[in-house]
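Chains, contacts and geometry: an overview
Listed below, chain by chain, are the residues.
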Amino acid sequence: MKKLLNKYTGAWASLLLLTACTKNFGDINTNPSVVNKPDVKFLLSYVEDKMVTYQGTEWVWESMEQLMRFTQHVTSSPYEITSNVNTRYNIYYLQILPNLFEIRKQADLMPNKDQYQKIKMVTYVLQVLHGIKVTDMNGYIPYSQAIEGRYDSKYSPVYDAQQQLFDNWLAQLNDAIKVLSDASLSNQVDYGKSDIFFQSDWIKWVKLANTLKLRIAARLENADKAKCQAVFQQVMQDPLGPIDSNDGQVKYQNSLYTPFGSGGDIDYRSRRYATTSIMQFLKGSNDPRLPIYFDKNGLTGSFKDTLAKYNVTLPSFINVNDPLIAYQGGPADWTTNPTVAAFLSNDFPVGPYTKFSLISPINRKFFSPKLNQATGNFLDVSVTYAETCLYIAEFIQKGYAGAVNTKGTAADWYVKGVTSSIQTMNAIAVAAGSQTGFSGSGDTETGNYLNHPMVKFNGVNDLERIYVQEYLAFYRQPNEAYVFCRRTGYPKNSSAYYARETFNEQIPRRFWLTDPGEVNRANWAQAMQQQGFTPNAQDVPTLSTQRVWYDKTAPDFGKGN
């Protein structure tokens, strides 16, 4: 599928609209079953829906099986990386870009097209949102010429350099911000409730655009620190600014959406568990997200009586007097501690009919609310207020603000970010019908956490504290978590605060785009050569040494400064 898609990116892929594809595109103006004047409102709904729901297979093959292991948010069987990854690329050219381009085309055909300016600008924000994710793992991608096959019969789009992509996206976001925030543009047509994310609240779209600029700034830091700082300052100087509340987050909830398939089989191929490192920190800091992120093991209730009855002692890595004994982690790399790792796939035998699970699995209903015919709902929050706040805290702490008014200190933004993460994760758990961290507002639990010695700003390792909270907040955003660990090198090896565990596996720094065939092979080959990529390579040893542009000077995993 990927080879076919690459071959015709900008050609037949750009011909796909909301309707089903047809073999004879010459009949598009005569076939009554083909929609040739689609409603732009429905096109937007379709795109927003697809940007979330395509991830059903991504959660299995890419996020939990690969990225979340690499970031050490979870530990599980170390399966090989397969061609099932990188569905982000397919969806961009098959479902997202064609429909966004068509919205703009249809808007320009309207007799009152001046009243469609804001409708058009929303499309640029969406294509940047997903485009960042596509380039993260692929580097150069078709963009400036990607959909010209549909409108101009140009079937060999160039692969834009990553630096060019970011420049283009920043310009498009700036244009969108200018138009969407312009109160003088009256009588603008809107999407109404067809806009799943924001119901045509233009100000929220402006704030999302500014947060996306912060995402880009974070990715630019290692490659172009001056531009990173400049973008950050632009965002903070904007009168409307970035996302500024939980209400402004990009949220999607559909009671019919079931990640991991219709049965919610989150355990497909492997059960996932807490790593030792994340469990130690969550427990040590009394993090309210602990029961949200991970389930209890079998050491609950009267387990001590059972141990005494059979005169059995728990393995030495477990403290029987630990008040949080029901939460235990396992090694991120099973080869580093095979004794403990053995309990990831085997229960601890106690009596002839009794066994206890020892390592805490992920909270499966938090990710898969329909698991085993459960009735919870999957709430996706793909761009968060916490992410926004913690980027700002990070950049202030690094001195990137200059003379710009940041409307608070690094500590202020840190508190806002941590608070929002806890609230948002609990809201996701409530929607899922899973274990929550608290009932009610959670103000007491959050306040206690922020004042815990392991969490409170102490003037010594404040940047690392910001980093660790970014890391914990990205638990439900695997791509952002991976990009964070890749760009910063945190959690850091041998840290006295939060140490990354020894991990002997090679970690790919990118994915791959295979030979697209004769139609566009020349542009593809040039892109591979310019990036220093081995064409068609899909082996981890190669992928672990070849980096996309903004990653070339980043530290290795665990080797942050």
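Residues numbered from 1 in each chain as written. Predicted model: local features only at pLDDT ≥ 70, side-chain atom pairs only at ≥ 80, totals over all residues. Heavy atoms only, no water.

Quick look at the packing of aromatic side chains
What counts here: Two aromatic rings from Phe, Tyr or Trp, using only the six-membered ring of Trp, form a pair when their centres are within 6.5 Å; if the ring planes differ by under 30 degrees the pair is stacked, by over 60 it is edge-to-face, and anything between is tilted. Only DSSP runs of H or I covering at least 4 residues are called helices, and only runs of E covering at least 2 are called strands; the numbering of each starts at the N terminus. Under the scheme applied here, a residue whose accessible area is under 20% of the maximum for its type counts as buried, over 50% as exposed, and between as partly exposed, the area being computed with a 1.4 Å probe on protein chains only. Over a ring means this: the NZ of a Lys or the CZ of an Arg is within 6 Å of the ring centre and within 35 degrees of the ring normal.
Counting across every chain of the model gives 32 aromatic pairs. Seen from their ring centres, Tyr-143 and Trp-169 are 5.5 Å apart, and the 90° between their planes marks the pair as edge-to-face. A residue pair is termed long-range when its members are at least 10 positions apart, and Tyr-143 in the loop between strand S2 (141-142) and helix H6 (148-152) and Trp-169 in helix H7 (residues 162-180) qualify at 26 residues. There is no split in this pair, since Tyr-143 and Trp-169 are both buried. By way of ring pairs, the aromatic residues Trp-59, Tyr-252, Tyr-257, Phe-260, Tyr-293, Phe-294, Phe-366, Phe-367, Phe-378 and Tyr-475 are connected into one cluster. For Arg-476, the ring lying beneath its charged end belongs to Phe-366, and the centroid distance is 4.9 Å.

Things to note about the packing of helix H8 (residues 202-220) against helix H19 (residues 478-488)
Formally: Note on definitions: angles span 0 to 180 degrees between N-to-C directions of axes, and those axes are lines fitted to C-alpha atoms, for helices only across the stretch in contact. In this description, contact between two residues means that some pair of their heavy atoms is separated by no more than 4.5 Å. Charged residues are taken to be Asp, Glu, Lys and Arg, nonpolar residues to be Ala, Val, Leu, Ile, Met, Phe, Trp, Tyr, Cys and Pro, and polar residues to be all remaining types, Gly included.
At a minimum axis distance of 10 Å, the contact between H8 and H19 shows a crossing angle of 35°. Taking contact as the criterion, the partners of Arg-215, Ala-218 and Arg-219 in H8 are, on H19, Asn-479, Glu-480, Val-483 and Arg-487. Residues that form the contact of H8 with H19 fall into these classes: two nonpolar, one polar and four charged.

Some words on helix H5 (residues 117-138)
Threshold: Helices are assigned an expected span. That span is 1.5 Å times one less than the residue count.
With 22 residues, H5 extends 32 Å from end C-alpha to end C-alpha; this agrees with the ideal 32 Å at 1.5 Å per step. Counting buried positions along H5 yields 19 of 22 residues, so the element is predominantly enclosed. One or two residues past the end of H5 sits Gly-139, with phi positive at roughly 70°.

Brief notes about the pairing of strand S4 (residues 250-253)
As a reminder of what qualifies: Two strands form a pair only when DSSP identifies at least two bridges running between them.
Residues Val-250 and Tyr-252 line the buried face of S4, whereas the alternating positions Lys-251 and Gln-253 sit on a face that is not buried. Alignment of S4 against strand S8 (residues 379-383), held across four bridges, turns out to be antiparallel. Within S8, the position partnered with Gln-253 by the bridge is Leu-379.

Some points on the pattern of salt bridges
Basically, it comes down to this: One speaks of a salt bridge when a side-chain nitrogen belonging to Lys or Arg is within 4 Å of a carboxyl oxygen belonging to Asp or Glu.
Within the structure shown, the criterion is met by 28 salt bridges. Linking Arg-215 and Glu-480 is a salt bridge whose minimum nitrogen-to-oxygen distance equals 3.5 Å. Here Arg-215, found in helix H8, pairs with Glu-480, found in helix H19; they are 265 residues apart in sequence, far enough to count as distant. Comparing Arg-215 with Glu-480 shows no difference in burial state: the two are buried. A salt bridge links Arg-219 to Glu-480, with the nearest nitrogen and oxygen atoms 3.0 Å apart. Taken together, the residues span a long stretch of sequence, with Arg-219 in helix H8 and Glu-480 in helix H19 at a distance of 261 residues. Here Glu-480 falls in the buried class, since its relative accessible area comes to 7%. What you see here is one network of salt bridges that share partners, running through Asp-136, Arg-215, Arg-219, Glu-387 and Glu-480.

What to know about the packing of H5 against H8
Helix-helix packing is characterised by the crossing angle of the two axes and by the distance between the axes. Rules: If an angle is under 35 degrees, it is roughly parallel; if it is over 145, roughly antiparallel; if it lies from 65 to 115, roughly perpendicular; otherwise it is oblique. A clockwise turn of the near helix away from the far one marks a right-handed crossing, whereas an anticlockwise turn of less than a right angle marks a left-handed crossing.
Packing of H5 against H8 brings their axes to within 10 Å, and their N-to-C directions diverge by 25°. Between H5 and H8, the crossing angle belongs to the class labelled roughly parallel. Considering only the axes of H5 and H8, their crossing is left-handed. Where H5 abuts H8, its residues Lys-118, Ile-119, Val-122, Val-125, Leu-126, Val-128, Leu-129, Ile-132 and Asp-136 lie against Trp-202, Trp-205, Leu-208, Ala-209, Leu-212, Arg-215, Ile-216 and Arg-219. Grouping the constituent residues of the contact of H5 with H8 by class yields 13 nonpolar, no polar and four charged.

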